[in-house]
Amino acid sequence: MSEQQAESLPGVDRAVELGLTKPEYARIVELISREPNEVELAMFSLLWSEHCAYKHSKKVLRRLPTEGDRLLMGVGENAGAVEVAGLAVAFKVESHNHPSAVEPFQGAATGVGGILRDVIALGARPIAMLNSLRFGHPSSPRSRWLLDRAVAGIGHYGNSIGVATVGGEIHFDPSYESNCLINAMCVGIADPDRLMRCAATGVGNRVILFGALTGRDGIGGASVLASAELGDDDADKRPTVQIGDPFAEKKVLEASLELIDADLLVALQDLGAAGLTSSASEMAAQGGVGLDIDVANVPLREQGMEPFEIMVSESQERMLAIVEPSKVAAVLEVCERWELLASDIGEVTEGDRMRILVGDNVVGDIPVTTLVDDCPLYDLAPAPPEHGLYPAPPADLPEEADHRDTLVALLGGANIASRRPVFQQYDQIVQARTVRRPDEADAAVLALPVGEDGIRPAIAVSIDGNARRVAANPEGGALEAVLECAANLACVGAEPLGLTNCLNFGNPEKPPVAWQLINSVEGIAVGCEALGIPVVGGNVSLYNEGPDGPILPTPVIGMVGEMPDATKTSSSGFLTDGQAVALVGPFSPNLVSSELAARRGHAPQGELPSLDISAVIAAHHAVRDGVRSGAIQSAHDISEGGLGVALAECTAVAGIGCDVTLPEFTDAALFGESPGQGFVIAGDAAAIAAIPGARVVGTTGGGNLVVSAEDGASFSVPVAEVQAARDGGLTAYLP
Amino acid sequence: MKVLVLIRPKQGILDPQGQTVERALPALGFEGVTDVRIGRLVELEVTDPSKLDELCEQLLANTLIEDFEIQIQED
Amino acid sequence: MRIGVVRFPGSCDEVDALDACAMVADAELLWHGRTDLDGVDAVVVPGGFSYGDYLRPGAIARFSPVMKAVADFAAEGGPVLGICNGFQVLCEAGLLPGALLTNSGLRFLCKQVDIIVERPATPWTADCEAGERLSIPVKHMSGRWHADEATVAELEAEGRIVFRYAPGDNPNGSTADVAGVCSAAGNVVGLMPHPEHAVDALTGSADGLKLFSSILNGGDRVGTAG
């Protein structure tokens, strides 16, 4: 059917209103040999949205490696999982960008709730949350409001449900002014033999919906909120805000794990974007079966909801389970004890039909594969931008400032300052396994149960991204983001096992954005291959644009690593006087897209130096081994603000100064960046000298950060001044 | 003049507080209580009531999820 | 010695409290719906967000069936420890004086603080010395303990302030730096900091373990203030 023929279909205007294109609508009509009714159209509009169908990214994502020795569960399930010390460690990162731009508290809160349920659906107990936040320039009142409310929302949900928030990053850039990014990552642990899959199987098995009531929350959310560029008419989208109820989620969590422990479930899936429509059809597609769903049996919070509203409602804190008929009573009993509603709403059927019923009336009947697999996948038309895509940020740090003043100004900047004012709004310690809290080390360290040998293993987790470098060079910048995450893990003595990513980009139909996306995925793939780890899952968020154009290309990387012994780890700062300070790694700093360049008003563009991946990874190994052996007591990767900032951060943690002498004393040597490629380490002199590739540059001690050049030039900053600058930098922007 | 502003969750918006309180009441012997909604009461003294709506929309209520009602108490 | 840890819907720290108790004695969870305490020798009302903290922290949990049993147990002199949300529940239930208000900073706050033991003569502080500093984390939104002046003066006079935040470490604006108080008889103790999150140096501090080990030695010191 041509687009012109589609034009003449009576339902085409409604389809376009719901976000489908005319050719997509024509294809639906061809596939089901008639026009879809209201219920079916609503379902198609959601499942064929960018958010659910990944129609502009799926082909690109095929480049990512998805296999690994330690992989227990990978792409296609609710979350990925790797094996650590006999346990399954499940993890995934997901975005909740557009809802958070509309209502940051509830948007961020329900973002946390959604990623928690992905991990719960695997049968894993969530043990940690991390998040990656991006806002406009901190001088903007709207950005500060978004920051404050999003942080409050993340805390509200995570703290109330009893999952520690152990890490994260916050970055400010004008490109996020009208399109903030809220990415949340959840990590959980499970018995590998009890990992739950989402495939519906067993004809005649029952479909049980449990959790909260279904209301008109987020109707149209997946298609309207998640795929449209935000404009001035945001107010019209307001009735679709979802409200998070962490108390209900806590009960859903405990009930779900109890149901799985008691072996009462065949399959489990959370309800997220596109609600029942998405969950039910995913489960059916994965299992190769059909499903009958009777919406009359869905418990409602509001009267008079139409069948299509019930099918697409994004009410939070709900799960869908497949249960053998003989176990339904036991499932309902567990849910009742947890004061949760549970209803038998349907049946697994033979064949391939997703049928929506109201009692005996069939109100929707479509092949599952048509819904889930037949959405057209688009090729991108990439082209590098002809000129810089991003305007220069406002300059607030004069080029002529000397090294000392430049360093203090960088430390007090919103992008580098201590995150403590935010992190302390999160419960970092619940579940009693947090060995390294945020601000104590480069990655969070979470102890696992004691092994048979009496040693307590651990995992380390980190989330990272440096969008400015990606803007300058998508492949190189994304590779650096992977390496930086791995470097964070190396600093605490952990070996990477798997990676999850959240790809936040602008409109992929624009050639420069397509170019950013394709090359970023290439960079991530190259990084994964070099580290020998798979991508276990993730999320793509496209159309992140405001009136001034796309956001910076922002691939966010979350990584999990293993540590054989939780006690063999490090601090990011200097711990005692008189230790040797050394640099490790093929660090080749430059100022392109650096924090200093941004503060001086330079746009994020220019050439990134090529990097020697095997030398970088050798440095990671040296640091990891040194931490594990105890030779290295402090390890910190050199990231934003370069070596100068890294040294200052090392002194700030415990208030212990240092005296170092550097071969070069240029802006680039002191403040240039080269993420994931260099480390500052400290420990006993003999032990540090034995670390492969370590170049000793000075010693710890005293109350000052003293940096000298080999030619005799020097500057000094009292550690108290370093701490004051770091501590005040973010507080200034919080209420 | 004295003004009371009543702020309530919008009709149809999930009110977890109200629901939780409603479910707790029967255990204490209070049967037959339904539709519990929990909001806020803000008391204000204002000289110029003409901007009250704007004030409520911008600050006191989150109009994405809350309705407000202005009650003028006295002149 | 067997310690029961109450579990409400929405409790978060009950398993950590259970593990901490299990380091010194037998320990078990007590579901909020039960009307007896299964014959335990001591009760911990743990932290978390019982009933989501909706309405007021502790306001709904105090009416749970198990709380009647806890009140009877307390009246008979049984040792009861309320931690954070458990402290809030015990205050709402009238078993401890005062109320917990929103932090003066209006934000949830998670932070390691030093507290000072003011009264070793309770079943939960018997292993501590008067004036001893303990490094224990706080994590709460509504931890600002408040009582009117007369009540504070009475509690001071009776030696019922069990813990204070160390000078400069008051994280929430609590009246008189109060971090924890006890009942008139001394057997019921509540505090905002989380001793169950300070039982292992690996995760930051082991100072909190003393509160749990005290229960093995504290019975004879109940009621002797100071």
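Think of each chain on its own: its residues are numbered from 1, step by step along the sequence as written. Written order decides the labels, with chains lettered from A and ligands numbered from 1. Per-residue local features are limited, in this predicted model, to residues with pLDDT of at least 70; the limit for side-chain atom pairs, both in listing and counting, is 80 or more; totals at the level of whole chains, interfaces and linings are taken over all residues.

Caption draft 1: Up close: the overall build of chain C. Scanning chain C for helices and strands turns up five helices and 11 strands. Taking 17 Å as the expected radius of gyration for a compact globule of 226 residues, we find that chain C reaches 15 Å, a close match to that expectation. Dimensions of chain C along its principal axes, counting C-alpha atoms only, are 40 × 40 × 40 Å. The burial tally for chain C puts 59% of its 226 residues in the buried class. A pair of residues counts as a contact when their C-beta atoms, built from backbone coordinates, are separated by no more than 7 Å. Excluding contacts between residues fewer than 6 apart, the proportion of contacts in chain C whose partners are at least 24 apart in sequence is 76%. The secondary structure listing takes helices from DSSP runs of H or I that are at least 4 residues long and strands from runs of E that are at least 2 residues long, numbered from the N terminus. Using C-alpha atoms as the atom set, the radius of gyration is obtained and then compared with a globule rule of 2.2 Å times the number of residues to the power 0.38. For the exposure call, what matters is how many other C-beta atoms sit within 10 Å of a residue's own: 20 or more marks it buried, 12 or fewer exposed, and in between partly exposed, using C-beta atoms placed from the backbone.

Caption draft 2: Seen up close, the overall build of chain B. From N to C terminus, chain B includes two helices and three strands. Put simply, chain B runs from its N terminus to its C terminus through helices and strands in the order β-α-β-α-β. What you see for chain B is a C-alpha radius of gyration of 15 Å, clearly larger than the 11 Å of a compact globule of 75 residues, by over 25%. C-alpha extents for chain B along the principal axes are approximately 45 × 25 × 15 Å. Going through the 75 residues of chain B one by one, you find that 16% of them count as buried. Long-range contacts, defined as pairs at least 24 residues apart, comprise 70% of the intrachain contacts of chain B with a sequence gap of at least 6.

Caption draft 3: Quick peek at the packing of helix α23 (residues 642-654) of chain A against helix α26 (residues 719-731) of chain A. Residues and elements named next belong to chain A. At a closest axis distance of 9 Å, the pairing of α23 and α26 adopts a crossing angle of 95 degrees. In terms of axis orientation, α23 runs roughly perpendicular to α26. The segment α23 lies against α26, with A648, T651 and A652 engaging V719, V722, Q723 and R726. Charged means Asp, Glu, Lys or Arg here, nonpolar means Ala, Val, Leu, Ile, Met, Phe, Trp, Tyr, Cys or Pro, and polar covers whatever is left, Gly included. When its residues are assigned to classes, the contact of α23 with α26 shows four nonpolar, two polar and one charged. Simply put, an axis is a line fit to the C-alpha atoms, just over the touching stretch for a helix, and the angle between two N-to-C directions goes from 0 to 180 degrees. Note on terminology: angles under 35 degrees are roughly parallel, angles over 145 are roughly antiparallel, angles of 65 to 115 are roughly perpendicular, and the others are oblique.

Caption draft 4: Summary view of the nonpolar core. All names here are of chain A. Among buried residues, those of type Ala, Val, Leu, Ile, Met, Phe, Trp, Tyr and Cys that are joined through C-beta atoms within 7 Å form a set called a nonpolar core. Among the nonpolar cores identified, the biggest contains 316 residues, and V89 and I681 are the most heavily contacted of them. Tallying contributions element by element places helix α19 (residues 474-491) first for this core, with 11 residues. For V89, the residues in contact, after removing those within four places along its chain, are A81, V82, V84, V187, I189, I459 and V560.

Caption draft 5: Just the interface of chain C and chain A, in detail. The interface of chain C with chain A comprises 21 residues on the first partner and 25 residues on the second. Among the secondary structure elements, those contributing two or more residues to the side of chain C that touches chain A are α1 (14-22), β6 (109-117) and β7 (133-140) of chain C. With three residues, β6(C) is the single largest residue contributor to the side of chain C that touches chain A. Residue classes in the side of chain C that touches chain A are distributed as 10 nonpolar, five polar and six charged.

Caption draft 6: Examining the pairing of strand β16 (residues 458-464) of chain A more closely. Residue and element names in this part refer to chain A. For β16, a buried count of seven out of seven residues is recorded, marking the element as mostly surrounded by other parts of the structure. Across the two faces of β16 the burial is the same, with A458, A460, S462 and D464 and I459, V461 and I463 all buried. In terms of strand pairing, strand β15 (residues 444-447) meets β16 through four bridges, oriented antiparallel. The residue bridging A444 from the neighbouring strand is V461, located in β16. Whether two strands pair comes down to DSSP finding at least two bridges between them. Judged from the seven bridges that link them, β16 and strand β21 (residues 554-563) form a sheet pairing that is antiparallel. Note that in β21 the partner of D464 across the bridge is I557.

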